[in-house]
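One letter stands for each residue in the lines below.
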Amino acid sequence: EQGPFDAIIGFSQGAILLSVLLARSLAKETVVQPSKAILFGAAWPKPYSDQLEGLKGMEEALAQSPMRTLHVWGTKDNINPPEHAEEIKKLYG
């Protein structure tokens with residue numbers, strides 16, 4: 001109703017939710033289709049692991065998608081492990 005949006009930004013828990021929204025967007029499960037996303041300090045969203053894991057088989061679709069992402073995390077983050085953010089980054093290229 002208020003879109004389209006050029007970019008969506010998520011920080012910490014917002015970045016976790018944004019990673020799920022992006023996965024749903026790529027699977028055409030939502031009307032929100034951002035072309036850009038910035039994720040600050042994302043962690044792996046365990047309840048949605050299956051949805052994110054499903055992206056591993058979508059490399060071609062991801063490569064052709066106009067969506068671009070920027071991932072930012074702290075190497076010393078003791079709340080959201082940096083390795084989680086790296087895993088999410090790998091999914092979105």
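These numbers were taken from a predicted model, which means no experiment stands behind them. Each chain has its residues counted from 1, running along the sequence as written. For this predicted model, a pLDDT threshold of at least 70 governs which residues receive local features, and a threshold of 80 or more governs which side-chain atom pairs are given and counted, while totals over whole chains, interfaces and linings are taken from all residues. Excluded from the side-chain calculations are hydrogens and water; all other atoms, namely the structure's heavy atoms, are used.

(A) The arrangement of helix 4 (residues 82–92) in detail. Regarding helix 4, the residues found buried are Pro82, Ala85, Ile88, Leu91 and Tyr92. Contacts were defined at the residue level, with two residues in contact if any of their heavy atoms lie within 4.5 Å. Helix and strand labels come from DSSP, where a helix needs a run of H or I of at least four residues and a strand needs a run of E of at least two; each type is numbered from the N terminus. Those residues of helix 4 that are buried are in contact with helix 1 (13–26), strand 2 (36–40), helix 2 (49–53), helix 3 (59–64) and strand 3 (68–72). One or two steps after helix 4, the chain reaches Gly93, where phi turns positive at roughly 80°. Each residue's exposure class comes from its accessible area (1.4 Å probe, protein chains only) as a fraction of the maximum for that residue type: buried when under 20%, exposed when over 50%, partly exposed otherwise.

(B) The arrangement of the pattern of salt bridges in detail. The working definition used for a salt bridge is a side-chain nitrogen of Lys or Arg within 4 Å of a carboxyl oxygen of Asp or Glu. Within the structure shown, the criterion is met by three salt bridges. Note that Arg24 is salt-bridged to Glu29, the shortest N-O span being 3.5 Å. Taking the relative accessible area as the measure of exposure, Arg24 reaches 35% and is therefore partly exposed. The exposure class assigned to Glu29 is partly exposed, which follows from its relative accessible area of 43%. Taking the shortest distance from any N to any O, the salt bridge between Lys56 and Glu53 comes out at 2.9 Å.

(C) How the structure looks around the nonpolar core. Throughout, nonpolar core names a set of buried Ala, Val, Leu, Ile, Met, Phe, Trp, Tyr and Cys residues whose side chains join them through atoms within 4.5 Å. Ranked by size, the top nonpolar core spans 18 residues in total, and within it Leu22, Leu39, Leu52, Ile88 and Tyr92 carry the most contacts. Only helix 1, strand 2 and helix 4 provide two or more residues apiece to this core. Top contributing element to this core by residue count: helix 1, with six residues. Not counting chain neighbours up to four residues away, the residues in contact with Leu52 comprise Ser19, Val20, Ala23, Trp44, Pro45, Ile88 and Leu91.

(D) Fine view of the side chain of Ser65. Residue position: Ser65 is located in the loop between helix 3 and strand 3. For Ser65, a relative accessible area of 10% corresponds to the buried category. Within polar-contact distance, the side chain of Ser65 engages the backbone nitrogen of Met67 at 3.0 Å. As used in this structure description, the phrase polar contact means that two N or O atoms lie within 3.5 Å; if the pair is within protein, one of them must be able to donate a hydrogen and the other to accept it, and residues adjacent in sequence are counted only when both atoms belong to side chains.

(E) Structural detail: the sheet that holds strand 1 (residues 7–11). The three strands lie next to each other as 1-2-3, forming an open sheet whose pairing is parallel. A strand with exactly one partner marks an edge of an open sheet, and here the two such strands are strand 1 and strand 3. Geometrically, the sheet is characterised by an average inter-axis angle of 10° between neighbouring strands, direction not taken into account. Each pair of strands is called paired provided DSSP finds at least two bridges between the two strands. Relative to strand 2, strand 1 runs parallel, the two sharing five bridges. The partner of Ile9 across the bridge, within strand 2, is Ile38. Relative to strand 1, helix 1 is tilted by about 135°, and along the sheet it contacts strand 1, strand 2 and strand 3. Interaxial angles span 0 to 180 degrees and are taken between N-to-C directions of axes, which are lines fitted to C-alpha atoms, for helices over the stretch in contact.

(F) Broad picture of the environment of Lys46. Within the secondary structure, Lys46 is located in the loop between strand 2 and helix 2. Along the chain, Lys46 and Ile16 lie 30 residues apart, while their C-alpha atoms are 9.7 Å from each other.

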